[in-house]
Amino acid sequence: MTRMRRAILLTTTISSASSRHGCFASTAAFLSNCHGKRQRLPSCHYFASSSSLSSSSSSTSNGAETSSLMEQAQNDKDEQQQQQLLENNNSKGSFRIYYNDVYEVNLPPNHRFPMSKYRKVREMLQSKIKNLTQEEQDCVHCEFQISPLATIEELSTTHCPSYIQRFLNGNMTDMEIRNTGFPWSAQGVNRALSSVGGTVAAATFICDQLQQLQEEEEENSTKENGTNRNDSSSPPPPIWAAHVAGGTHHAFHDYGEGFCIFSDIAVAANVIRQRYAHLIKRILIIDLDVHQGNGNAVLFQNRNDVMTFSIHCQSNYFSKKEISDLDVEVPAGCNDDTYLATLRHWLSRIEKEGGEYDFVFYQAGVDVLEDDRLGKMSLSKGGVVQRNKLVYDFAKRRNIPMVITMGGGYPKDREDWSSILDAHSNVYFQAHRYISDCCGGDGVKEGEKEDVVESL
């Protein structure tokens, strides 16, 4: 126990003894009880190879024998075509990206929330992908789709029905409205619903792929009739999707705060746990916004099927500090080296001690940047690139499907948003390049920090 506590102190450089102990106690309790609670479905992320079916016909009629042989030949041909299709799909990645900037809200003049950044980030991302070579683009089937509006049924998996109705109908109290940070409007209702709906859609899109893969594997396994499977084929590319919005981790069961009305990640996690319970047993939320994911911490308290992991600034709480499954505080002014060492350490601990996970949500706030107006931290552009890569490496090593969402990012200069927009768009562009690399394209390679930063 002492050795593990010392590892936390050295890594997180937390100044408060009580905070250190609270962080460790929560973490140790979770990690020590992780094993054996949930088991992942075996091999549901891989395509299975098929072998040709052998003919066992023993017809006594020449005509029947000929017919049987012709039918078998056609079956073999159909199977070969199906296998070729699977192999083609397996060799090409896909990356669906949802966006909700069509629901932009007209805020009062000088409001501090950068509403138009969502459209600007999406356009910058599309431009970066368009500027890739045709070969690089062809490695990944990338499509942008407008975020659908979340349904009341989906919201009710997580939030109080009375709160949902008060917000939808504009019956919130003045205090509730002030806490959210937004004036209430019909525009705001659609934006809040789409912020959740896009993340839910990204998660269910992935689960539908997993379901299809599992069905194909089961079908192919049946056709193999007990023959040895060909395990020489490489695994498929990462199964990831994204939302250029969301990450609204400050919303609670019956109220919102900090520009968050509903928790998109919590709703999406609960939806896929209900709809795809046979596929998704345990979920990991990696929250790397500068602020603690306090809403999600409370929403998933005492839930063994969802682990909340938040790295955040120890001097940047704007409301009560909550208790996640794993809270790691880093000091104000934290630089690249300290932050990346901390993240690397805890991802490694989760990988070794945290058990199995079937799904990851990555809240990729960029308010950890030194250029951020509200962040109080000092990560460089390259540091954020490396942060993203550590998460992507983790998900890829474990073959865990992942949804990537936006998070905080607040420009210091009201006229120049370039550094924040670039960091946000790079989160998604890096994921695109990473998938491309896994498909044999020219993606982001290990140890190419400076080249990657310059190219991004």
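Check the entry above for the structure.
Overview of the structure. What you are looking at is a predicted structure, and each value in this text was computed from that prediction instead of being measured.

Counting its secondary structure elements, the protein chain contains 15 helices and 8 strands. Out of the 456 residues belonging to the protein chain, those deemed buried represent 54%. In the protein chain, the share of contacts with a sequence separation of at least 24, taken over all contacts with a separation of at least 6, comes to 79%. Summed over its atoms, the accessible surface of the protein chain is roughly 19600 Å², and 47% of this surface lies on carbon and sulfur atoms.

Mapped onto the fold, His 159 is located in the loop between helix H6 (152-155) and helix H7 (161-168). Taking the relative accessible area as the measure of exposure, His 159 reaches 1% and is therefore buried. A polar contact of 2.8 Å, which involves the side chain of His 159, links it to the backbone oxygen of Phe 252. A polar contact of 3.0 Å, which involves the side chain of His 159, links it to the backbone nitrogen of Ser 263. In this structure, His 159 is in contact with Ile 164, Ala 251, Phe 252, His 253, Phe 262, Ser 263 and Val 267, ignoring residues within four places of it in sequence.

Take the packing of aromatic side chains next. Counted according to the given criterion, the structure contains 13 aromatic pairs. Ring geometry for Phe 359 versus Phe 361: centroids 5.0 Å apart, planes at 40 degrees, classification tilted. This pair shows no difference in class: Phe 359 is buried, exactly as Phe 361 is. Against the face of Trp 417 rests Lys 120, its NZ or CZ located 4.4 Å from the ring centre. A cation over a ring is seen here: Arg 122 above Tyr 99, with NZ or CZ 4.6 Å from the ring centre.

Counted residue by residue, strand E1 (residues 93-99) has 7 buried out of 7 residues, so it is predominantly covered. The alternating pattern of E1 places Gly 93, Phe 95, Ile 97 and Tyr 99 and Ser 94, Arg 96 and Tyr 98 on opposite faces, both of which are buried. Across 7 bridges, the pairing between E1 and strand E2 (residues 140-146) is parallel. Bridging across to E2, Arg 96 finds its partner in Glu 143. Pairing analysis gives 5 bridges linking E1 to strand E3 (residues 240-244), with the strands arranged parallel. Pairing of Tyr 99 across the sheet is with Val 244, part of E3.

If you look at the biggest cluster of nonpolar residues, it comprises 68 residues, and the most contacted ones within it are Ile 286, Phe 309, Tyr 339, Tyr 392 and Ile 404. The leading source of residues in this core is helix H14 (residues 418-438), at 9 residues. Sequence-distant contacts of Phe 309, defined by excluding residues within four places in its chain, comprise Leu 284, Ile 285, Ile 286, Asp 287, Leu 326, Val 328, Leu 343, Trp 346, Leu 347 and Ile 350. Grouped together as the second largest cluster of nonpolar side chains are 43 residues, Val 189, Leu 193, Ile 206 and Val 271 included.

Attention shifts here to the sheet that holds strand E6 (residues 326-330). Strand order in the open sheet formed by 8 strands is E2-E1-E3-E8-E7-E4-E5-E6, with parallel pairing between adjacent strands. What marks the edges here is a single partner per strand, and that holds for E2 and E6. Pairwise comparison of adjacent strand axes, ignoring direction, gives a mean angle of 15 degrees for this sheet. Examined bridge by bridge, strand E4 (residues 283-287) and strand E5 (residues 306-313) share 5 bridges and lie parallel to one another.

All right, on to the pairing of E5 then. Buried residues dominate E5, accounting for 8 of its 8 residues. With helix H11 (residues 294-299) bridging E4 and its parallel neighbour E5, the resulting β-α-β unit is right-handed. Two elements, E5 and E6, share 5 bridges in a ladder whose sense is parallel. Paired with Phe 309 across the two strands is Leu 326, which belongs to E6.

The subject of this paragraph is the pattern of salt bridges. Inspection of every chain in the model, using the stated rule, returns 15 salt bridges. The partner of Glu 123 in a salt bridge is Arg 119, and the shortest N-O contact between them spans 3.5 Å. Pair noted here: Glu 123 and Arg 119 are both in helix H4 (residues 117-130), with a separation of 4 residues, about one helical turn. Glu 123 sits in the partly exposed class, given a relative accessible area of 37%.

Procedures and definitions
- Residues numbered from 1 in each chain as written.
- Predicted model: local features only at pLDDT ≥ 70, side-chain atom pairs only at ≥ 80, totals over all residues.
- Heavy atoms only, no water.
- Helix = DSSP H or I, 4+ residues; strand = E, 2+ residues; numbered from the N terminus.
- Buried < 20%, exposed > 50% of the residue type's maximum accessible area, 1.4 Å probe, protein only.
- Contact = heavy atoms within 4.5 Å.
- Areas by Shrake-Rupley, 256 points an atom, 1.4 Å probe, with all protein chains shown as cover.
- Polar contact = N/O pair within 3.5 Å; in protein donor to acceptor, adjacent residues only side chain to side chain.
- Phe/Tyr/Trp six-rings, centres within 6.5 Å; stacked < 30°, edge-to-face > 60°.
- Lys NZ or Arg CZ within 6 Å of the ring centre and 35° of its normal.
- Pairing = 2+ DSSP bridges.
- Core = buried A, V, L, I, M, F, W, Y, C linked by side-chain atoms within 4.5 Å.
- Axes fitted to C-alpha atoms, helices over the stretch in contact; angles between N-to-C directions.
- Right-handed = clockwise from strand over helix to strand, strands pointing away.
- Salt bridge = Lys/Arg side-chain N within 4 Å of Asp/Glu carboxyl O.

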